[in-house]
Amino acid sequence: MMEKSRSPFYPEMPVPPEEFVGRKDVIDRIRARGLGQVAAGRSYSLFLEGEYGFGKTSLAQYVMRLAAAPAEEGGYNLLPLYVSIGGCATREDLAQYVLRAATTLSGTWQALREFLGRFINQVTLFGVVSVNPSAVRETAPDLATPDALLGFLANLRRTSSTGGVVLVFDEINGVASSDWFSQFIKSLADTNSVQGYLPLLLVLCGTPDRRRQMIARHRPIERIWDPITVDAVDAADVREYLLKAFRSVEIRVADAALEMMTFYSGGHPRVMHIIGDVAFWQDKDGVIDEDDAIQALTDAADEVGRKFVDRQIVDELHSETYRSILAVVGQRILKRGFGEGFTRRDMLAQLADPRLERNFDNFVQRMRALGAIAVVARGEYRFSLPIIEAYVAMRAHPAE
Ligand SMILES: Nc1ncnc2c1ncn2[C@@H]1O[C@H](COP(=O)(O)OP(=O)(O)OP(=O)(O)O)[C@@H](O)[C@H]1O
Ligand SMILES: [Mg+2]
């Protein structure tokens, strides 16, 4: 067996494009409506909408890789510009982030080095760019209008001799509720279609909440983008990923163990990576059997709880009574699959213990107050976030 040095799982990072699995339909659609159109000289906007950890960033990076590849390799010869705008509060910040990201590109796009020379301190042999922060800060305010930013992007395109630019704004959660962001994005798209600065594929990544929030801020923005749902992935893709990843480190996975890990990830790619990662580090003999999988699930549940579920919810769910109620909810998920939620009626029928029955309404109230579940209709509930549901299911797995 190989010495363990690197896990083939990425619980904290977007998956490298070469290991990306599934989402074929979504990618076909993005190719046809987005990349193909932009390569043909038009502009288009997408909103990649998905819950936390469903793979928005991974998808965006995969799309950028496709975009940048030359036409002979099935790509589109576009310049990929990825900007994570999590910490930005104003238009000037936004311009600064774009400029910084563009400067970093010159590590791989030689042609941009001279054009962006002013903003670069140094490019190492390995293409790592050290950015000159004061030059970026000085220039950014001049780029903080839609016209100026588009002019800059058009220059980037010309200098790099590409057919257009793919501009990804990731992590928009922070700015989505601001007064200026929706308007800015709308006028970026409008100004470009009127003035024809450049073929531009604009990609925004955020949660469904944030898309709604942006629309609430500025209704007309809804017309500019094509919303793409980044949902749970298919069980077949999860299976394929797990198998390939374990094979790459020469670990064999028993069928029952594979089924178990696949099922409990609930199509949630982040949970899949956590389960896989825990199993990888736990493994001692190069084979993951059912017992190993059960052990991995138990520990992965803790990790999911610790990292991704609100502390208060986790504490509450550890209480003796709620644990028992939750075990029944978990069993229900195991029977009916993820995303179905639960009803008061069924739960009361299954709890089969007067003490638990008496506590059920309190449980629901408390979980609602903490934002863990939402009411779908009278007496019908669902988990507000898929990762909470995955957590509950893992905690209720058969070993308990
Ligand atoms: N298509 C995929 N194939 C394999 N792994 C994936 C895929 N999509 C996402 N992942 C994995 O899922 C996890 C979350 O992915 P990613 O960071 O892209 O999601 P996100 O929606 O951007 O999350 P966040 O809301 O936290 O920004 C990572 O571990 C990533 O490697
Ligand atoms: Mg992300």
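For clarity, every value in this text was computed on a predicted model and none was experimentally measured.

1. Notes on the sheet that holds strand β10 (residues 342-343)
Ordered by their spatial adjacency, three strands build an open sheet running β10-β12-β11, and the pairing between neighbours is antiparallel. The open sheet has two free edges, formed respectively by β10 and β11 (373-377), since each of these has just one partner strand. Where β11 meets strand β12 (residues 380-383), four bridges bridge the pair, whose relative direction is antiparallel. By the bridge assignment for β12, Ile373 is matched with Phe383.

2. Structural notes on the environment of Tyr52
Along the polypeptide, Tyr52 turns up in the loop between β1 (44-49) and α2 (56-68). Setting aside chain neighbours within four positions, we find Tyr52 in contact with Asn173, Thr207, Arg210, His268, Arg270 and Leu385.

3. Re the domain arrangement of the chain
For the chain, the assigned domains read domain 1 (23-229), domain 2 (233-308) and domain 3 (309-400). Placing a centre on the C-alpha atoms of domain 1 and another on those of domain 3 gives a separation of 40 Å.

4. Details of the layout of surface pockets
The computed volume of the largest pocket comes to approximately 540 Å³. As for the largest pocket, its lining consists of 30 residues, and the residues nearest its centre are Gly53, Gly55, Lys56, Ser58 and Arg270. Contributions of two or more residues to the lining of the largest pocket are made by α2, β6 (200-206) and α11 (269-282). Here the residues of the lining of the largest pocket sort into 15 nonpolar, eight polar and seven charged. Taken together, domain 1 (23-229) and domain 2 (233-308) each give at least three residues to the lining of the largest pocket, which thus spans both. Lining the second largest pocket we find 24 residues, and of these Glu51, Phe383, Ser384, Leu385 and Pro386 sit closest to its centre. When residues of the lining of the second largest pocket are traced back to their parent elements, those giving at least two are α8 (208-217), β12 and α17 (386-395). Split into classes, the residues belonging to the lining of the second largest pocket amount to nine nonpolar, eight polar and seven charged.

5. Let's talk about the sheet that holds β1
Taken in spatial order, the five strands of this open sheet run β2-β5-β6-β1-β7, and their pairing is parallel. In this open sheet, the two edge strands, each paired with only one partner strand, are β2 (79-84) and β7 (226-229). Shown here is a sheet whose adjacent strand axes are inclined to one another by a mean of 20°, direction ignored. Pairing geometry for β1 and β6, over six bridges, is parallel. Its bridge partner being in β6, Phe47 is matched across the sheet by Leu204.

Rules and cut-offs
- Residues numbered from 1 in each chain as written.
- Chains lettered and ligands numbered in written order.
- Predicted model: local features only at pLDDT ≥ 70, side-chain atom pairs only at ≥ 80, totals over all residues.
- Heavy atoms only, no water.
- Pairing = 2+ DSSP bridges.
- Helix = DSSP H or I, 4+ residues; strand = E, 2+ residues; numbered from the N terminus.
- Contact = heavy atoms within 4.5 Å.
- Domains from an automatic or database assignment.
- 1 Å grid on protein atoms, 1.4 Å probe; cavity = no way out; pocket = protein on both sides within 12 Å on 5 of 7 lines; lining within 4 Å.
- Points joined across faces, edges and corners; volume = space filled by probe spheres on them.
- Nonpolar A, V, L, I, M, F, W, Y, C, P; charged D, E, K, R; others polar.
- Axes fitted to C-alpha atoms, helices over the stretch in contact; angles between N-to-C directions.

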